[in-house]
Amino acid sequence: MLLKGVWCEVFLLGSWTESNAQSVVVSIPQYNVVKRVSYRTKCLELQYIIPVYYYADAIIPLYHYAAAVILLLGSRKESKVLRNNVNLRCCCGRISSWLASVHVRKISHRIRSCNPTIIKASRSSWFLKVRSSYKTRSIEEEETEIRGSKYMDELKTKPIWILLLSFLGLLFLFKHTISVLRWLFITLLRPAKNLKKFGSWALITAPTEGIGKSFAFELARKGLNLILVGRNIHKLQNVTRAVQSEYPNIQIKIVVVDFSSSDLTVGIRNIEEEIGGVDVGVLINNVGITYPSAKFFHAVDEEIWMNIIRVNIEATTRVTMAVLPGMLKRKKGAVVNIGSGASIVVPSHPLFAIYAASKAYVDQWSRSIHVEYKDQGIDVQCQVPLYVATKMVSKVASIEKSSLFVPSPDAYVRSAVRRIGHGEPRCTPYWTHSIQWFFAYYFIPEFLLDAWRLSIGLHRMCATERL
């Protein structure tokens with residue numbers, strides 16, 4: 001008695017440039033079962049479902065294993081047309097859904113030049129792949145092409161809104177991947193500019209401690225002569241001796257200016273006289289002050305907030321106006337204005353409102369004049385540090401030591417000098433500061449940042465009042 005016990009699905013995948021063969025044979029030799037399927041096609045995919053009949057006594061052995069081969073009929077030359085994978089899927093339809101293993105068998109001697117074989121399959125592999133020694137491409141290439149074709153077919157069945165969302169998501173991912181790669185390049189690989197190409201002199205305001213002092217040593221190490229501008233002549237002289245003891249070939253000029261004075265006319269005139277005969281190529285506007293302690297806006301003394309405006313806004317602006325004409329004449333120069341994360345990284349800086357507002361001026365002003373003068377060879381940049389272990393930070397934030405996220409002035413300045421002259425209107429030079437900025441901008445809601453900054457300010461204000 002014949003029973004319909006097994007069916008086979010034969011997939012012919014790919015296209016043929018020539019094809020005179022007219023049939024495919026599915027053979028299970030253990031039981032002398034042969035099925036021939038004729039075809040005349042050059043289509044990309046063709047599927048045949050072939051019923052195979054067995055005697056009842058053949059059903060039990062088939063439960064354990066089956067061996068099958070696919071023969072491409074034709075002459076020796078015609079056998080070469082098998083250029084793509086031919087997949088045979090065998091399953092025990094009514095008897096069992098389990099195919100234990102498939103024996104690897106070779107084709108008969110009659111067409112052994114084609115030499116297709118059946119690859120061993122496990123329980124989870126329902127597809128048996130037949131290979132030809134005449135294929136011009138590797139199995140991996142063929143499988144990649146087949147997967148790509150199936151993927152494109154699946155895409156065609158998706159609604160347009162899903163495709164649109166997927167495309168937007170891909171653009172978003174691409175954009176941020178490029179940003180991360182650019183950040184890695186700038187932070188780790190991009191070389192520093194030769195600052196001497198801007199000029200042989202650098203002018204630094206507030207160079208007697210903290211970031212300004214570190215700039216003096218780093219620029220001297222780069223071979224630049226220095227003009228140091230500050231209000232305390234003794235501290236200026238101490239820095240001069242320290243720098244020249246380490247770099248004896250560096251020339252240093254001192255200009256005494258009190259930037260908190262109500263009249264900066266005399267001080268700016270003194271700066272103009274000192275820079276008149278030299279080519280100042282780099283200007284570091286480092287001078288800046290903040291509140292002595294956290295205060296509500298209405299409680300800030302007039303003298304304090306007027307000094308903040310004079311030093312952070314007026315002095316920075318006037319010094320730049322004094323140096324800029326020489327740079328324009330030479331068609332080269334670099335202006336670095338030190339901003340603050342208080343005005344840019346966080347959405348607000350409560351209890352230090354006037355200080356944050358003055359640094360916001362520095363940021364927007366720097367970005368604007370960057371656009372004005374970039375075509376004239378002058379690079380203007382606002383550098384945005386977060387906490388650096390300086391005297392000012394220790395006073396307002398009680399941070400005494402450097403750490404991973406609070407670098408020392410020397411560590412910060414080494415990163416800052418590497419960013420000068422690359423045409424960036426704004427940057428955060430130190431790498432951990434840029435990571436903090438990234439997470440604050442993308443992952444923390446503004447209301448949480450506002451509440452956090454307010455709680456910190458209140459805590460510091462209470463601690464000051466207790467003292």
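Here's what I pulled together on the structure shown here. (Residues numbered from 1 in each chain as written. Predicted model: local features only at pLDDT ≥ 70, side-chain atom pairs only at ≥ 80, totals over all residues. Heavy atoms only, no water.)

### Thoughts on the pattern of salt bridges
Quick note on the threshold: Counted as salt bridges are all cases of a side-chain nitrogen of Lys or Arg within 4 Å of a carboxyl oxygen of Asp or Glu. Helical segments are the DSSP runs of H or I of at least four residues, strand segments are the runs of E of at least two, and each set is numbered from the N terminus. Buried, partly exposed and exposed residues are distinguished by accessible area as a fraction of the type maximum, computed with a 1.4 Å probe on protein chains only: under 20%, between the cut-offs, and over 50%, respectively.
For the structure on display, the rule yields six salt bridges. One salt bridge in this structure joins R190 and E424, with 3.3 Å as the shortest N-O distance. Taken together, the residues span a long stretch of sequence, with R190 in the loop between helix 3 (160-189) and strand 8 (201-205) and E424 in the loop between helix 11 (409-418) and strand 14 (426-427) at a distance of 234 residues. With respect to class, R190 is no different from E424; both count as buried. Ionic pairing is found between R221 and E218, a salt bridge with its closest N-O pair at 2.5 Å. With R221 and E218 both in helix 4 (residues 210-221) and three residues apart, the pair spans about one turn of that helix.

### What about helix 5 (residues 233-246)?
Residue pairs three or four apart in sequence face the same way in an α-helix, which turns once every 3.6 residues. In plain terms, the rule: To estimate how far a helix should extend, the number of its residues minus one is multiplied by 1.5 Å. Whether two residues are in contact is decided by their heavy atoms, any of which lying within 4.5 Å being enough. Here a polar contact is recorded for every N or O atom pair within 3.5 Å, except that within protein the pair must consist of a potential hydrogen donor and a potential acceptor, and residues adjacent in sequence are included only if both atoms are side-chain atoms.
Given a rise of 1.5 Å per residue, 14 residues ought to cover 20 Å, and the 20 Å separating the end C-alpha atoms of helix 5 matches this to within 8%. Each element contacted by the buried residues of helix 5 is listed here: helix 4, strand 9 (225-230) and strand 10 (252-256). Near the N-terminus of helix 5, the side chain that reaches the backbone nitrogen of H234, with its oxygen 3.0 Å away, is that of N232.

### Here's the deal with the pairing of strand 13 (residues 378-383)
Which entries qualify depends on this criterion: Two strands pair under a simple rule: DSSP has to find at least two bridges between them.
The buried count for strand 13 comes to six of six residues, which makes it a mostly enclosed element. A two-sided burial pattern is seen for strand 13, the buried positions comprising I378, V380 and C382 on one face and D379, Q381 and Q383 on the other. One ladder, built from six bridges, connects strand 12 (residues 333-338) with strand 13; its direction is parallel. Within strand 13, the residue paired with G333 across the bridge is I378. Pairing between strand 13 and strand 14: two bridges, direction parallel.

### Focus on a nonpolar patch on the surface
Rules: Patch membership is restricted to residues that have no salt bridge and whose relative accessible area is over 30%. Joining uses 9 Å for like charges and 5 Å for the nonpolar side chains Val, Leu, Ile, Met, Phe, Trp and Tyr. Computed with a 1.4 Å probe, the accessible areas rest on the Shrake-Rupley method; for each residue, only the protein chains presented here act as cover.
Taken together, the side chains of F174, I178, V180, L181, L184, F185, L188 and L189 present a nonpolar region at the surface, about 800 Å² in accessible area. The topology assignment puts L189 in helix 3. A relative accessible area of 62% means that L189 is categorised as exposed.

### Thoughts on the nonpolar core
Among soluble globular proteins, nonpolar side chains are generally buried collectively. Rules: As used here, the term nonpolar core means buried Ala, Val, Leu, Ile, Met, Phe, Trp, Tyr and Cys residues forming a set that is joined through side-chain atoms within 4.5 Å.
F215, L219, L226 and V243 are the most contacted members of the largest nonpolar core, which has 32 residues in total. For this core, the elements supplying multiple residues, two or more each, are strand 8, helix 4, strand 9, helix 5, strand 11 (280-285), strand 12 and helix 11. With six residues, the single largest contributor to this core is helix 4. Setting aside residues no more than four positions away along its own chain, L226 makes contact with W201, A202, I204, A216, L219, A220, V243, I250, Q251, I252 and K253. Core analysis: the second largest hydrophobic core is formed by 28 residues, W201, F259, A315 and L324 among them.

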